[in-house]
2 protein chains.
Amino acid sequence: VQGDDAAVRHAVILAGGAGTRLWPASRRSRPKQFLALGGDETLLAATVRRARGAATGDVVVVTAADQVDLVRAGAPGVSIVAEPVARNTAAALGLAAVHLLARDPDAVIGAMPADHHIADEAGWARVVERAFAVAERGDATCTIGIVPTRADTGFGYLELGASREAELGVPGVRAVARFVEKPDAETAAGYLAGGRHLWNAGMFFVRARRLLDDIGRFLPATAAGLDVVAAALKEGPAAAAAEAARIYPGLPAVSIDHGVMEKASPVLTVPGDFGWSDIGSWAALAELRTSADGGNTVIGDGVIVDGEGNLVVAEDGVIAVVGCSDLVVVRSGDAVLVIPRARSQDVRRAVEALTARHLERFL
Amino acid sequence: VQGDDAAVRHAVILAGGAGTRLWPASRRSRPKQFLALGGDETLLAATVRRARGAATGDVVVVTAADQVDLVRAGAPGVSIVAEPVARNTAAALGLAAVHLLARDPDAVIGAMPADHHIADEAGWARVVERAFAVAERGDATCTIGIVPTRADTGFGYLELGASREAELGVPGVRAVARFVEKPDAETAAGYLAGGRHLWNAGMFFVRARRLLDDIGRFLPATAAGLDVVAAALKEGPAAAAAEAARIYPGLPAVSIDHGVMEKASPVLTVPGDFGWSDIGSWAALAELRTSADGGNTVIGDGVIVDGEGNLVVAEDGVIAVVGCSDLVVVRSGDAVLVIPRARSQDVRRAVEALTARHLERFL
């Protein structure tokens, strides 16, 4: 389903995240995308590798200025767009679009987070191929909606509209009737049973020109700032960086989902079912890596005596757990976390307590 | 109650222990006596300090040959008697007695483990003074029996006999009717209620000559070996060390309690109530160091959110515990232990599991 006009497909990897949900493995100085949570590769390196297979043009990584060196070391050869400060994904994706448009007026962008895990990479590649094709042919924004496997309340959902297969010649493509905020448990169970809702996984495929037009329509302050950067870019990358440093702090911090996609039209989606996980908690990692050893998952050197359902992660050294079940125990660098698996959304409570006790040096 | 004949009182500190009950803080290369579990000092350093206050002669530390450097560094200035291999306390104490007798034929020994904690040091000193006096005047072995504070099944007990106060002029001294092995829970509860049983804390006060005579009577093979060392000692310490290296591996490994004291007569005791703990488990340490913070005890940098009754020990780095109670979490060097406080006697299970998984390097 290669696009008729054969526009060049560029991957934009959003690597600005600085979450604390996987503390102590993720730190301020080493966010989740720089961790090898899925196996041997860092999540960023795996994302870049997949992106290189899907893109016909550039692979651009948008990241925080103070993480450029980490990206360069972990993903050699990518183009890097540095954000002077973090201003969420609308500004980040807009900044990448400005840079790509300057060298390719017909650029098509496939935007994807740097910190997700994909189990079935061939399946992912097939779906991405379709989403790129939709972005080219339909002059629309195309998302990838993940077929839900549980009634999760931690994600936004896409409500499916009419099929657009016949019109676009792309298998599975549907209109997005609306974006739905994170639901409560009952609503999520209804979505799972109903089969008309997909998880919004933050992957968007769109022509760069159209993206910037949409930003201009829904986020005019962001667009005005990006225009200044685009003008400076004609004088070279140094001038653009200087203008970005000047205007970026004043941009609104808003997500591309909330700021643009929920309002834009048409938005289409290609459903995907390729073992996707955002590894949004230690419990999610445990599900990803479950071993056969009594339901315990041990990453690194660890022993578990009289216990099951534990996740033990020893980045170095060893962890011994005796007589405990359904516990998460993580040792990473200078910090150890112990939390029940069912409470792994509450890692932020540990982060808050460390902050309150003036122990931020461990964050 | 200084002894009438003013014999010189020597302290013999038994520092040969290599237990694993406080793993991962205690390791093969750093047994419990080298840990600062009671506060800022190591248990050995605190024992030496107390011993120096109580002894009028030498302070001798008996330790394993491969721990001589640790002792020298941790307790500068003590006399060190090195055991070529570990052969339990009867041989260790006998070897120390041989060395002391060579320079003081009237030596009185106060033997004490290196790895116990004493909260009330002044109270300890008063009781030790009495025990030394009994050893001198009564030509008997005098133990210190700890007044029990709970129905503990982890200790041997001393059953009290008749008072010997009038005869010896030492307050509180009683005959030991018999040594009792570790009791079951019901028996221990009866001991606690009855008031006629004391904990055997492994502290013995006896003339060196009498101790060697008792060893000769009850452990003739040990005595024969020690005689060889004693003879060699007349030619100097190097000759004695060479003979010890030769004969020591052949000596029976038996405790002074079981091998000698349970059979010797008379054995007397002075009851003591000075905040004694052998810190035989992480739970015991938690009792020793309990803080006011919701019943949690935190040693080092740690935060506890939504939990109580936890013991958190971070020798370095930080430990965060969220949503757990009555748990022991210890981080020491390259190892982390997580175990319910009520199961802290089962640390050996972790040690066994590490051994089975060929992870002995962490022991």
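Along each chain, numbering runs from 1 in the same order as the chain's sequence is written. Chains and ligands are labelled by the order in which they are written, letters from A for the one and numbers from 1 for the other. Where totals are concerned, whole chains, interfaces and linings use all residues; where local detail is concerned, this predicted model gives features only for residues with pLDDT of at least 70, and gives and counts side-chain atom pairs only at 80 or more. Only heavy atoms go into the side-chain values, all of them from the structure, while hydrogens and water stay out.

Participant: Help me out: how do you make sense of the packing of aromatic side chains in this one?
Facilitator: The geometry of an aromatic ring pair is captured by the separation of the ring centres together with the interplanar angle, meaning the angle of the planes. Residue and element names in this part refer to chain A. Classification of ring pairs rests on two measures: the distance between centres of Phe, Tyr or Trp rings, Trp counted by its six-membered ring, which must be within 6.5 Å, and the angle between planes, read as stacked under 30 degrees, edge-to-face over 60 and tilted in between. The full count for this structure, using the stated rule, is 10 aromatic pairs over all chains. Linked through ring pairs, F155, W199 and W276 together constitute an aromatic cluster. Residue placement shows R50 over the ring face of W124; its charged tip is 5.5 Å from the ring centre. Look at NZ for Lys and CZ for Arg. If either is within 6 Å of the ring centre and within 35 degrees of the ring normal, a charge sits over the ring.

Participant: Help me understand the side chain of D346(B), please; the structure alone is not making it clear to me.
Facilitator: Runs of E in the DSSP output that reach at least two residues are strands. Runs of H or I that reach at least four are helices, and both are numbered from the N terminus. With respect to the helices and strands, the residue D346(B) is situated in the loop between strand 15 (335-340) and helix 12 (347-356). Partly exposed residues are those whose accessible area sits between 20% and 50% of the maximum for their type, while under 20% is buried and over 50% is exposed, using a 1.4 Å probe and protein chains only. A relative accessible area of 17% places D346(B) in the buried class. Only heavy atoms enter the contact rule, under which two residues are in contact if any of them lie within 4.5 Å. Sequence-distant contacts of D346(B), defined by excluding residues within four places in its chain, comprise V322(A) and I339(B).

Participant: How should I be thinking about helix 11 (residues 282-289) of chain A in this particular structure?
Facilitator: The periodicity of an α-helix, 3.6 residues per turn, causes residues three or four positions apart to be oriented the same way. If you check which residues of helix 11 of chain A are buried, you get W282(A), A283(A), A284(A), L285(A) and A286(A). Contacts made by the buried residues of helix 11 of chain A are with strand 11 (276-277), strand 12 (297-305), strand 13 (311-322), strand 14 (327-332), strand 15 (335-340) and helix 12 (347-356) of chain A.

Participant: Where do I start with the pattern of salt bridges in this structure?
Facilitator: Here a salt bridge means any side-chain nitrogen of Lys or Arg lying within 4 Å of a carboxyl oxygen belonging to Asp or Glu. The full count for this structure, using the stated rule, is 52 salt bridges over all chains. Between D306(A) and R349(B) there is a salt bridge; the shortest N-O distance is 3.4 Å. Of the two residues, D306(A) is situated in the loop between strand 12 and strand 13 and R349(B) in helix 12; the pairing between them involves two chains. The partly exposed category is assigned to R349(B), whose relative accessible area is 26%.

Participant: Where do I start with the side chain of T141(B) in this structure?
Facilitator: Residues and elements named next belong to chain B. Within the secondary structure, T141 sits in strand 6 (residues 141-146). A relative accessible area of 0% places T141 in the buried class. In contact with T141, not counting residues within four places along its chain, are F204, F205, V206, R210, D214, M261, P266, V267 and L268.

Participant: Could you clarify how one ought to interpret the relation of the copies chain B and chain A in this entry?
Facilitator: The second copy of the chain is related to the first by a rotation about an axis and a shift along the axis. Our superposition of the copies is a least-squares fit, built on the C-alpha atoms of residues whose pLDDT is at least 70 in both. The operation relating chain B to chain A is a screw motion whose rotation component is 180 degrees, with 0.0 Å of axial translation and a residual RMSD of 0.0 Å. Here the symmetry operator amounts to a two-fold rotation axis. Looking at chain B, 100% of its interface residues are interface residues in chain A too, so the copies touch through the same face.

Participant: Can you help me understand the interface of chain B and chain A in this one?
Facilitator: Size of an interface, as often reported, equals the accessible area lost when the parts are brought together. At the interface, 35 residues of chain B touch 35 residues of chain A. Buried area is a sum: the accessible area each of two parts loses on coming together, probed at 1.4 Å, counted once for each and added. Each partner contributes to the roughly 2800 Å² buried at the junction of chain B and chain A, and carbon and sulfur atoms together form 63% of this total. Along the contact surface separating chain B from chain A lie 6 salt bridges. In protein, a polar contact means a hydrogen-donor-capable atom and an acceptor-capable atom, both N or O and within 3.5 Å, with residues adjacent in sequence counting only if both atoms are side-chain atoms; elsewhere, any N or O pair within 3.5 Å suffices. Joining chain B to chain A, the criterion identifies 20 residue pairs in polar contact (both at pLDDT 80 or more). Among the secondary structure elements, those contributing two or more residues to the side of chain B that touches chain A are strand 12 (297-305), strand 13 (311-322), strand 14 (327-332), strand 15 and helix 12 of chain B. The residue inventory of the side of chain B that touches chain A, partitioned by class, reads 22 nonpolar, 4 polar and 9 charged. Strand pairing requires that DSSP identify at least two bridges connecting the strands. Note: strand 15 of chain A against strand 13 of chain B, 4 bridges, orientation parallel. Side-chain classes follow a simple rule in which Ala, Val, Leu, Ile, Met, Phe, Trp, Tyr, Cys and Pro form the nonpolar group, Asp, Glu, Lys and Arg form the charged group, and the remainder, Gly included, forms the polar group.

Participant: What exactly am I supposed to notice about the environment of R209(A) here?
Facilitator: Relative to the assigned elements, R209(A) resides in helix 7 (residues 208-218). As for R209(A) and V173(A), which are separated by 36 residues in sequence, their C-alpha atoms are 22 Å apart.

Participant: How do you make sense of unusual backbone geometry when you look at a structure like this?
Facilitator: For residues besides glycine, phi is generally negative; the peptide bonds are generally trans as well. The residue after S265(A), namely P266(A), is reached through a cis peptide bond having omega -5 degrees. With respect to the helices and strands, P266(A) occurs in the loop between helix 10 (256-261) and strand 10 (267-272). Positive phi values are uncommon outside glycine, yet H358(A) reaches one of about 60 degrees. Relative to the helices and strands, H358(A) resides in the segment after helix 12. Residue H358(A) is classed as exposed on the basis of its relative accessible area of 63%. Even without a glycine there, the phi angle at D326(B) is positive, about 55 degrees. Inspection of the secondary structure puts D326(B) in the loop between strand 13 and strand 14.

By themselves these figures say nothing about function.
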